[in-house]
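Below, each chain spelled out in residue letters.
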Amino acid sequence: MESLEGDGLFWLAHQPQNRVAGHFRFDPIEGAKVELIGSFEGLESSMQRETVSNRILGIAAGQYLTLDGCYRGTTSLDGVGLQREEWIPSVVLTGAHWESEELIEFTEVSVSFDELPAWGALPRMLVTPTKSQGSGPIDGISLGVTKFPSQEVKFGNGKLTFWGTWGLSGNQWTEAIMTQSCRLTIDYGKQTAVEDILSDVQSMRDIVTLGMDSPAFVEDVVFHSTERMVNHPGGPPRQQPIEYFRAQRNPKKDEVQHWFHAFFTLEDIGGLEALASWLSTARTIRPAIASLLSIRYMDTMYSENRFQNVVDSAETLHRLRFSNFIAPPDEFKRKRREILKSVPSEHRDFVGNATQYGNEPRLKDRLSDLAEFAGSAFEELVEDHSHWALVV
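Residues numbered from 1 in each chain as written. Predicted model: local features only at pLDDT ≥ 70, side-chain atom pairs only at ≥ 80, totals over all residues. Heavy atoms only, no water.

Engineer: Explain the nonpolar core to me, please; I cannot follow it from the model alone.
Structural biologist: For soluble globular proteins, nonpolar side chains are generally found buried alongside one another. Ranked by size, the top nonpolar core spans 68 residues in total, and within it Phe24 and Phe223 carry the most contacts. The element contributing the most residues to this core is helix α3 (residues 194-212), with eight residues. In contact with Phe24, not counting residues within four places along its chain, are Leu4, Glu5, Gly6, Phe10, Ala32, Lys33, Val34, Ala60, Leu65, Leu67 and Val92. (Core = buried A, V, L, I, M, F, W, Y, C linked by side-chain atoms within 4.5 Å. Buried < 20%, exposed > 50% of the residue type's maximum accessible area, 1.4 Å probe, protein only. Helix = DSSP H or I, 4+ residues; strand = E, 2+ residues; numbered from the N terminus. Contact = heavy atoms within 4.5 Å.)

Pasting the structure below:
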């Protein structure tokens, strides 16, 4: 995602009559903020604690802006008594306005990651030197691009597509710049809440990060909706592209990984069909994935915290996918009551508290279950998974 900045006018979505001048700034690392020269609701209101988030609309940096989930940051008075306010949005959309009570929904999302070309095996550009004589100097260089074939699979009510583009720029006399890229697009086939779409975008980022063993940087996210159309000269109306901006803790890398550094590629896991299956599964195990990937997306983290997050992820995954009972609950309750009746009354509270969660599997057993479920591939990594579970 690129930086975006500019002066403009801003207003609360539920108070369109009160427009205030200010400055909008988005930084890929620091995030977005709006600095107002003035206030939406006056000094007295701005001193009160915010209890709900606000939606701010604006026109700045040559864009229509919808800033959702906004909270007031700082409020100050300068030397001449002019009030200034700072607002921090959690969601930034460019290209259209959504009014106060209007749901933010889309039918399609298209996303690009810096590690996606290597993970998805985008064909390399062909650079071929030419010679008029076999042993003579190079007379010229030809540069070519093999068209990346579009791939498509069914996903829910819609489809998941992996496709590539290429472009040529420069004046073609002193310079010629050829570029190529690839994208993942989900067409949901229906209006879908932006929160659910962004969860799928994060899941795509997660699988690329896991595959390349390097945090994937989101280069851009573009939404489309059949309910947001714009007229196009000389043709039928088209869906208005809506761009999404959000800060990322990991800065964009100067160089991305090559495919041969990958832990696994898209082809290794079974292609686009496997990616569609991952997206469906990720919706059910999101807490486990978030704990696991926190160690990749955070710039710095104590080693003890990294270890704890990975263990938490494994335990959470087990709780989501396996039984959380050693014995049937009714049987455990009966046995526990019998045990409590058999101990002296002065010890019952202690024994009751000690056995309250006694029917839950121990961490070692949870890890062993996960290792067995992972199969031979995991066995090759740790050799004896029972010993591995004990050490962890």
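Engineer: Explanation requested: the confidence of the model for the chain in the structure shown.
Structural biologist: In low-pLDDT segments, the atomic positions of the prediction should not be examined closely. A residue-level look at the chain finds 94% of positions with pLDDT of 70 or above and a mean pLDDT of 86. For the chain, per-element mean pLDDT is lowest for helix α1 (residues 43-46), which scores 60, and highest for strand β8 (residues 105-113), which scores 94. (pLDDT = per-residue confidence, 0-100.)

Engineer: Hey, could you run me through the packing of α3 against helix α5 (residues 286-297) in this one?
Structural biologist: Each packed pair of helices is defined by two parameters, the angle between the axes and the distance between the axes. Running from N to C, α3 and α5 point in directions that differ by 55 degrees, and their axes come no closer than 11 Å. Relative to α5, the element α3 is oriented oblique. Note on packing geometry: the crossing formed by α3 with α5 is left-handed. Two secondary-structure elements touch here, α3 through Ser199, Gln202, Ser203, Arg205, Asp206, Thr209 and Leu210 and α5 through Arg286, Ile289, Leu292, Leu293, Arg296 and Tyr297. (Axes fitted to C-alpha atoms, helices over the stretch in contact; angles between N-to-C directions. Parallel < 35°, antiparallel > 145°, perpendicular 65-115°, else oblique. Left-handed = near helix turned anticlockwise from the far one by under 90°.)

Engineer: Would you take a moment to explain the environment of Ile141 for this structure?
Structural biologist: The residue Ile141 is located in strand β10 (residues 140-144) in this model. Assessed through its relative accessible area of 63%, Ile141 is described here as exposed. Taking the C-alpha atoms as reference points, Ile141 and Thr130, 11 residues apart in sequence, are found 5.8 Å from one another. Not counting chain neighbours up to four residues away, the residues in contact with Ile141 comprise Val127, Thr128, Pro129 and Thr130.

Engineer: Hey, could you run me through the side chain of Gln15 in this one?
Structural biologist: Mapped onto the elements of the fold, Gln15 is located in the loop between β1 (4-12) and β2 (20-27). Leaving out residues up to four positions away in the same chain, Gln15 has contacts with Phe40 and Glu41.

Engineer: Can you help me understand the pairing of strand β5 (residues 63-77) in this one?
Structural biologist: Across a regular strand the side chains alternate sides, sitting on one face of the sheet and then on the other. Sheet analysis places strand β4 (residues 54-60) next to β5, joined by six bridges and oriented antiparallel. When the bridges of β5 are listed, Ile59 appears paired with Tyr64. Here β4 folds back onto β5 in antiparallel fashion, the turn holding two residues, of which Ala61 has a positive phi close to 55 degrees. By the bridge criterion, five bridges tie β5 to strand β6 (residues 83-88) in an arrangement that is antiparallel. Its bridge partner being in β6, Leu77 is matched across the sheet by Gln83. (Pairing = 2+ DSSP bridges.)

Engineer: Can you walk me through unusual backbone geometry in this structure?
Structural biologist: A negative phi angle is the norm for most residues apart from glycine, just as the trans form is the norm for most peptide bonds. For Ala61, which is not a glycine, the phi torsion comes out positive at approximately 55 degrees. Note that Ala61 resides in the loop between β4 and β5. Despite not being glycine, Asp213 shows a phi value in the positive range, around 55 degrees. Locating Asp213 in the fold gives a position in the loop between α3 and β14 (218-224).

Engineer: How should I be thinking about the packing of α5 against helix α6 (residues 303-321) in this particular structure?
Structural biologist: The N-to-C vectors of α5 and α6 enclose an angle of 165 degrees; their axes lie 8 Å apart at closest approach. As the angle between them shows, α5 and α6 are arranged roughly antiparallel. Between α5 and α6 the crossing geometry is left-handed. Residue-level inspection shows Pro287, Ala288, Ser291, Leu292, Ser294 and Ile295 of α5 in contact with α6, the latter providing Arg306, Asn309, Val310, Ser313, Thr316, Leu317 and Leu320. In terms of residue class, the contact of α5 with α6 is built from seven nonpolar, five polar and one charged. (Nonpolar A, V, L, I, M, F, W, Y, C, P; charged D, E, K, R; others polar.)

Engineer: When you look at the pairing of strand β7 (residues 91-94) in this model, what are you seeing that I'm missing?
Structural biologist: Both faces of β7 are covered, namely the face carrying Val91 and Leu93 and the face carrying Val92 and Thr94. For β5 and β7, the ladder comprises four bridges, and the chain directions are antiparallel. For Leu67, the partnering residue across the bridge sits in β7 and is Val92. With three bridges connecting them, β7 and strand β17 (residues 242-245) associate as antiparallel partners. Its bridge partner lying in β17, Thr94 is registered against Glu243.

Engineer: Can you walk me through the pattern of salt bridges in this structure?
Structural biologist: Should their charged atoms come close, side chains of opposite charge can pair. In the structure shown here, the tally under the stated rule is 16 salt bridges. Measuring nitrogen to oxygen at the nearest pair gives 2.8 Å for the salt bridge that ties Arg283 to Asp200. Taken together, the positions of Arg283 in the loop between α4 (271-282) and α5 and Asp200 in helix α3 put the pair 83 residues apart, joining distant regions of the chain. Take Arg283: its relative accessible area is 46%, and that puts it in the partly exposed class. (Salt bridge = Lys/Arg side-chain N within 4 Å of Asp/Glu carboxyl O.)

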